[in-house]
Amino acid sequence: MQVILKQMGDCILRRCELSDIIPVIEINLRTLPEHYSDYFYESLLEELPEAFIVAEISGKIVGYIMCKIEHGFSNFKKLGFVKKGHVVSIAVIDEHRRKGFGSILVDEAVKGMKTIQGSELYLEVRCSNNDAVKLYEKLGFSIIQRLKTYYRDGEDAYVMAIDFTS
Ligand code: ACO
Ligand code: ZN
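Residues numbered from 1 in each chain as written. Chains lettered and ligands numbered in written order. Predicted model: local features only at pLDDT ≥ 70, side-chain atom pairs only at ≥ 80, totals over all residues. Heavy atoms only, no water.

### Looking at the packing of helix H1 (residues 21–31) against helix H2 (residues 38–47)
Stage number 1. Across the interface, H1 lies against H2 with an axial gap of 11 Å and an inter-helix angle of 120 degrees. Accordingly, the angle class assigned to the pair H1 and H2 is oblique. In the packing of H1 onto H2, the handedness of the crossing is right-handed. Between H1, through Ile21, Val24, Ile25 and Asn28, and H2, the contact on the second element is made entirely by Asp38, Tyr41, Glu42 and Leu45.
Stage number 2. Residues of the contact of H1 with H2, tallied by class, amount to five nonpolar, one polar and two charged. (Axes fitted to C-alpha atoms, helices over the stretch in contact; angles between N-to-C directions. Helix = DSSP H or I, 4+ residues; strand = E, 2+ residues; numbered from the N terminus. Parallel < 35°, antiparallel > 145°, perpendicular 65-115°, else oblique. Left-handed = near helix turned anticlockwise from the far one by under 90°. Contact = heavy atoms within 4.5 Å. Nonpolar A, V, L, I, M, F, W, Y, C, P; charged D, E, K, R; others polar.)

And the structure:
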């Protein structure tokens, strides 16, 4: 059964289902240089369905966000060991950008992480990806760290994170 989270105009935000994985992979291939195996998408869906969300317009998937659970050191609290979410990937197809879908995808992933008692959400983003960095800052994420030559092509990443406990 579909789990609808939000409606914004003609766009529905809902939890991803197995049958959405192929369109999600197609969007990923078209929009980002970082790709994953089919099995990896399925395992993220199984592990954290609360934060694997798709945006759909007239039956067509136009965007997604998918996350992973990690147990590790906090990005905020010194020596704190926490349950945190990691945004593995988010994308919206070109024709539907700047309509707020990216923001509501992140928002819903944050809510999903909170429902499973995650205390923070973090991600890596290319330092040159101004659109995405701006979006995350607007939603309350801060730049925590810069990772040198994080990507295969040698580009640096920012680690950005948001704390749900403060
Ligand atoms: N120029 C300037 N600011 C931008 C732009 C842009 N082209 N796009 C987004 N923003 C900022 C703005 O502040 C914007 O708010 P505003 O429209 O009120 O000014 C805010 O982000 C929110 O924009 P949305 O409309 O919610 O975001 P959108 O639906 O366009 O999706 C996304 C943003 C996902 C980054 C999209 O541009 C995309 O798919 N890019 C290619 C894939 C990508 O780079 N993904 C992120 C990689 S990092 C990772 O996956 C962890
Ligand atoms: Zn990552």
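Let us keep going from here.
### Notes on the sheet that holds strand S1 (residues 4–8)
Stage number 1. One open sheet holds the eight strands; their spatial order is S1-S2-S3-S4-S5-S6-S8-S7, and the pairing between them is mixed. Looking at the sheet topology across the chains shown, the edges are occupied by S1 and strand S7 (142–147). The mean inter-strand angle of the sheet, taken between neighbouring strand axes irrespective of direction, is 25 degrees.
Stage number 2. Bridge count between strand S3 (residues 53–57) and strand S4 (residues 60–73): five bridges; the pairing is antiparallel. Bridge assignment links Glu56 to a residue of S4, and that residue is Ile61.
Stage number 3. H1 rests against S3, S4 and strand S5 (81–92) of the sheet, and its axis sits at about 85 degrees to S4. (Pairing = 2+ DSSP bridges.)

### Things to note about the nonpolar core
As a rule of thumb, soluble globular proteins bury nonpolar side chains together.
Stage number 1. Among the nonpolar cores identified, the biggest contains 49 residues, and Phe52, Ile65, Leu121 and Tyr136 are the most heavily contacted of them.
Stage number 2. With seven residues, the top contributor of residues to this core is helix H3 (residues 101–115). (Core = buried A, V, L, I, M, F, W, Y, C linked by side-chain atoms within 4.5 Å. Buried < 20%, exposed > 50% of the residue type's maximum accessible area, 1.4 Å probe, protein only.)

### Concerning the coordination of the zinc ion (ligand 2)
Stage number 1. Protein coordination at the zinc ion (ligand 2) comes from His86 (NE2) and Glu124 (OE), with a distance range of 1.8 to 2.1 Å. Residue His86 is located in strand S5, and its partner Glu124 is located in strand S6 (residues 120–126); the two are separated by 38 residues in the primary sequence. (Donors = N, O, S within 2.8 Å, 3.2 Å for Na, K, Ca; no water.)

### Some words on the pattern of salt bridges
Stage number 1. Scanning the entire structure with this criterion turns up eleven salt bridges.
Stage number 2. Asp153 is paired through a salt bridge with Arg126; the nearest N and O atoms lie 2.9 Å apart. Here the residue Asp153 occupies a position in the loop between S7 and strand S8 (157–163), and Arg126 occupies one in strand S6, the gap between them amounting to 27 residues.
Stage number 3. Judged by its relative accessible area of 14%, Arg126 falls in the buried class.
Stage number 4. One salt bridge connects Lys148 with Asp156, and the closest N-O pair in it is separated by 3.3 Å.
Stage number 5. Classification of Lys148 as exposed rests on a relative accessible area of 64%.
Stage number 6. Taking the relative accessible area as the measure of exposure, Asp156 reaches 10% and is therefore buried.
Stage number 7. Within this structure, Glu34, Arg126, Asp153 and Glu155 form a network of salt bridges that share partners. (Salt bridge = Lys/Arg side-chain N within 4 Å of Asp/Glu carboxyl O.)

These figures capture arrangement, not role.
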